[in-house]
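Here is what each chain is made of, one letter per residue.
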Amino acid sequence: MRKLKFHEKKLLKRVDLYNWKKEKDHREAEIIKRYNLSNREDYDKYNRMCGHITSMISKIKLLSSQDPFRVKLTEQLLEKMYNMGIITTKDNILNCEKLAVSAFCRRRLPIVLCKLKFAQTPKEACTYIEQGHIRIGTKIITDPATLVTRSQEDHITWSDTSKIKQTTQQYNNERDDYIG
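Residues numbered from 1 in each chain as written. Predicted model: local features only at pLDDT ≥ 70, side-chain atom pairs only at ≥ 80, totals over all residues. Heavy atoms only, no water.

Naming follows an unreviewed UniProt entry, where the protein appears as U3 small nucleolar ribonucleoprotein protein IMP3 of Paramecium octaurelia. Turning to the protein, the UniProt record has this under Subcellular location (unreviewed entry): "Nucleus, Nucleolus". For the protein, the Sequence similarities (unreviewed entry) comment in UniProt is given as "Belongs to the universal ribosomal protein uS4 family." (UniProt positions renumbered as here; feature names shortened; annotations may be inferred.)

Engineer: Residue-level account of the UniProt feature "domain: RNA-binding S4" (unreviewed entry) in the protein, with values.
Structural biologist: Sequence positions flagged by UniProt for "domain: RNA-binding S4" (unreviewed entry) are, in local numbering, residues 107-173. A helix fraction of 46% and a strand fraction of 12% characterise residues 107-173, whose end C-alpha atoms lie 33 Å from each other. (Helix = DSSP H or I, 4+ residues; strand = E, 2+ residues; numbered from the N terminus.)

Engineer: I'd love a proper account of the sheet that holds strand β1 (residues 134-136), names of residues and values included.
Structural biologist: Here we have three strands laid out as an open sheet, ordered β2-β1-β3, and antiparallel in their pairing. The sheet is open, and its two edges are formed by β2 (139-140) and β3 (156-158), each paired on a single side. Note that β1 and β2 share two bridges and pair antiparallel. Looking at β2, one finds that Ile-136 is bridged to Lys-139. (Pairing = 2+ DSSP bridges.)

Engineer: Just give me the short version of a positive patch on the surface, but keep the residues and values in it.
Structural biologist: A contiguous patch of positive charge, built from Lys-3, Lys-9, Lys-10, Lys-13 and Arg-14, is present on the exposed surface. Checked against the element boundaries, Lys-10 lands in helix α1 (residues 6-14). A relative accessible area of 46% places Lys-10 in the partly exposed class. (Patch = residues over 30% accessible without salt bridge, like charges linked within 9 Å, V, L, I, M, F, W, Y side chains within 5 Å. Areas by Shrake-Rupley, 256 points an atom, 1.4 Å probe, with all protein chains shown as cover. Salt bridge = Lys/Arg side-chain N within 4 Å of Asp/Glu carboxyl O. Lys, Arg positive; Asp, Glu negative; His and termini not counted. Charge placed at Lys NZ, Arg CZ, Asp CG, Glu CD. Buried < 20%, exposed > 50% of the residue type's maximum accessible area, 1.4 Å probe, protein only.)

Engineer: Describe the packing of helix α3 (residues 40-61) against helix α4 (residues 68-84), and please don't skip the residues or the numbers.
Structural biologist: Relative orientation of the contacting elements α3 and α4 amounts to 155 degrees, with a least axis distance of 10 Å. Here α3 lies roughly antiparallel to α4, going by the angle between them. In the crossing of α3 with α4, the sense of the turn from one axis to the other is left-handed. On α4, the residues touching Ile-53, Met-56, Ile-57, Ile-60 and Lys-61 of α3 are Arg-70, Leu-73, Thr-74, Leu-77 and Met-81. Within the contact of α3 with α4, the residues separate by chemical class into seven nonpolar, one polar and two charged. (Axes fitted to C-alpha atoms, helices over the stretch in contact; angles between N-to-C directions. Parallel < 35°, antiparallel > 145°, perpendicular 65-115°, else oblique. Left-handed = near helix turned anticlockwise from the far one by under 90°. Contact = heavy atoms within 4.5 Å. Nonpolar A, V, L, I, M, F, W, Y, C, P; charged D, E, K, R; others polar.)

Okay, here's the thing in structure tokens:
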């Protein structure tokens, strides 16, 4: 390798190639691996959303408990989080206060596909999504970072052109012929 010129050395002083932005956070790496996140930025976005939600809750808590505006905001926030599937019950604002990044990651399409038994692992589910085998309603989804709401969860199916759908239909027909 050639010797670096003066201006190249000067530029490289500002760039640290050994330490990345947030490499020291082990929880981040664990969640990225567990939920098969393709981008580190997705984790950062979910983390920022959790921060915004918890800061909003702390501001709501500063209002009087009998204040109709506080009651309305609390109901709207709980309804939104419940419909998205981020929280399990909408009875208490404490559910939103303890919100974690993993709550958003559990609503990603590959994890929902594993829960619905479309795939065995999140990695396999990501492959199916990227190849265009999955649709929600009438729209074919090719982005594994898609968040699935509770209402969308019922409309997840194989796409019409999917070889996997054709194979499972053929298997089911053969099984029905064998049983019947």
